[in-house]
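Architecture at a glance
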Amino acid sequence: MQQIIRLVALITACMFSFQAKAQTSSAPNDEIRQVLEFHNTARKEVGAPPLVWSEEIAAFAQEWANYIAQSGCGLQHRPFNGRWKQRYGENIFWGAGKTYTLQDAAKSWYSEKKFWRGSVINGKNWSKSGHYTQMVWAKSTTIGIGKAVCKNGSTIIVANYDPPGNMMGEKPY
């Protein structure tokens, strides 16, 4: 019986992994190229090295975007433990009323730059500028992004960064 349960779990995991990768790879290469260039332009402004795209991290991000879209479309970060445990830095975008692109999400995160004053990350400045500082976190080297459409038509975009940024008490660059 345990072998059957393991086999079913393995098949389910493989199907879910295939679904996430298929949806991630269906993003137009131009859209990925544009959002990566946008991130790297923002990083260049502050002297941070460029990010590279990771299909593995994109599949991880897609998995969470799918989960959010299928479970009510509430804006939520991955938890710190359990099945959905977070392994990377994470930015999330939610939009309704039109079709949103990866670039739209990145521009939204970048718009927080106006709140960043250049000090170390702390509880006061993180909430207003944390998406921006994750984008330009100098120690992050790779990125992957997933996108899903909710039942109500709104869009969820999840970006994951490795290594994660926004460490309290540190500067992003």
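Higher on the page you've got the structure.
Below, the structure is looked at part by part. Note that the coordinates shown come from a computational prediction; the quantities given were computed from them, not determined experimentally.

A count of helical and extended segments in the chain gives five helices and four strands. Written out in order from the N terminus, the α and β elements of the chain read α-α-β-α-β-α-α-β-β. Per-residue burial over the chain gives 43% buried out of 173 residues. When contacts within the chain are restricted to residue pairs at least 6 apart in sequence, long-range pairs at least 24 apart make up 70% of them. In the structure as shown, the chain presents an accessible area of about 9,600 Å², 59% of it carried by carbon and sulfur atoms.

Quick look at the layout of surface pockets now. Space inside the largest pocket adds up to approximately 460 Å³. Listing elements by their share of the lining of the largest pocket, those giving two or more residues are strand E2 (89-95) and helix H5 (126-135). The leading source of residues in the lining of the largest pocket is H5, at five residues.

All right, on to the environment of glutamine 103 then. As for its position among the elements, glutamine 103 is in helix H4 (residues 102-110). A residue is classified by how much of its surface remains accessible, and glutamine 103, at 17% relative accessible area, is buried. Sequence spacing of glutamine 103 and glutamate 37 is 66 residues, and the spatial spacing of their C-alpha atoms is 9.7 Å. Beyond its immediate sequence surroundings of up to four residues, glutamine 103 is in contact with Gln34, Val35 and Phe38.

Here the structure, examined in full by the defined rule, presents one disulfide. Disulfide partner of cysteine 73: cysteine 150, at an S-S distance of 1.8 Å. One quick way to see it: the torsion about the S-S bond of cysteine 73 and cysteine 150 is about 65°, and its sign makes the bridge right-handed. Of this pair, cysteine 73 sits in the loop between helix H3 (55-70) and E2 while cysteine 150 sits in the loop between strand E3 (142-149) and strand E4 (155-162), and the two are 77 residues apart along the sequence.

Per the stated rule, a full pass over the model turns up five salt bridges. One salt bridge in this structure joins aspartate 30 and arginine 33, with 3.8 Å as the shortest N-O distance. With a gap of three residues between them, aspartate 30 and arginine 33 both fall in helix H2 (residues 29-45), about one helical turn apart. Judged by its relative accessible area of 47%, aspartate 30 falls in the partly exposed class. Between arginine 33 and glutamate 37 there is a salt bridge, with its nearest N and O atoms 3.3 Å apart. Here the residue arginine 33 and the residue glutamate 37 both occupy positions in helix H2, the gap between them amounting to four residues, near one helical turn.

Turning to H5, a few remarks are in order. For H5, the set of buried residues is Ser129, Gly130, Tyr132, Thr133, Gln134 and Met135. Where H5 is buried, its residues meet H2, E2, H4 and E4.

In this section: the sheet that holds E3. Spatial ordering of the open sheet is given by E1-E3-E4-E2, a layout of four strands whose pairing is mixed. Either end of the sheet is taken by a strand with one partner, and the two such strands are strand E1 (52-53) and E2. Sitting on the sheet, H4 touches E2, E3 and E4, and the angle it makes with E2 is about 110°.

Cut-offs and rules
- Residues numbered from 1 in each chain as written.
- Predicted model: local features only at pLDDT ≥ 70, side-chain atom pairs only at ≥ 80, totals over all residues.
- Heavy atoms only, no water.
- Helix = DSSP H or I, 4+ residues; strand = E, 2+ residues; numbered from the N terminus.
- Buried < 20%, exposed > 50% of the residue type's maximum accessible area, 1.4 Å probe, protein only.
- Contact = heavy atoms within 4.5 Å.
- Areas by Shrake-Rupley, 256 points an atom, 1.4 Å probe, with all protein chains shown as cover.
- 1 Å grid on protein atoms, 1.4 Å probe; cavity = no way out; pocket = protein on both sides within 12 Å on 5 of 7 lines; lining within 4 Å.
- Points joined across faces, edges and corners; volume = space filled by probe spheres on them.
- Disulfide = S-S within 2.5 Å.
- Salt bridge = Lys/Arg side-chain N within 4 Å of Asp/Glu carboxyl O.
- Pairing = 2+ DSSP bridges.
- Axes fitted to C-alpha atoms, helices over the stretch in contact; angles between N-to-C directions.

That's the geometry; what it means functionally is another story.
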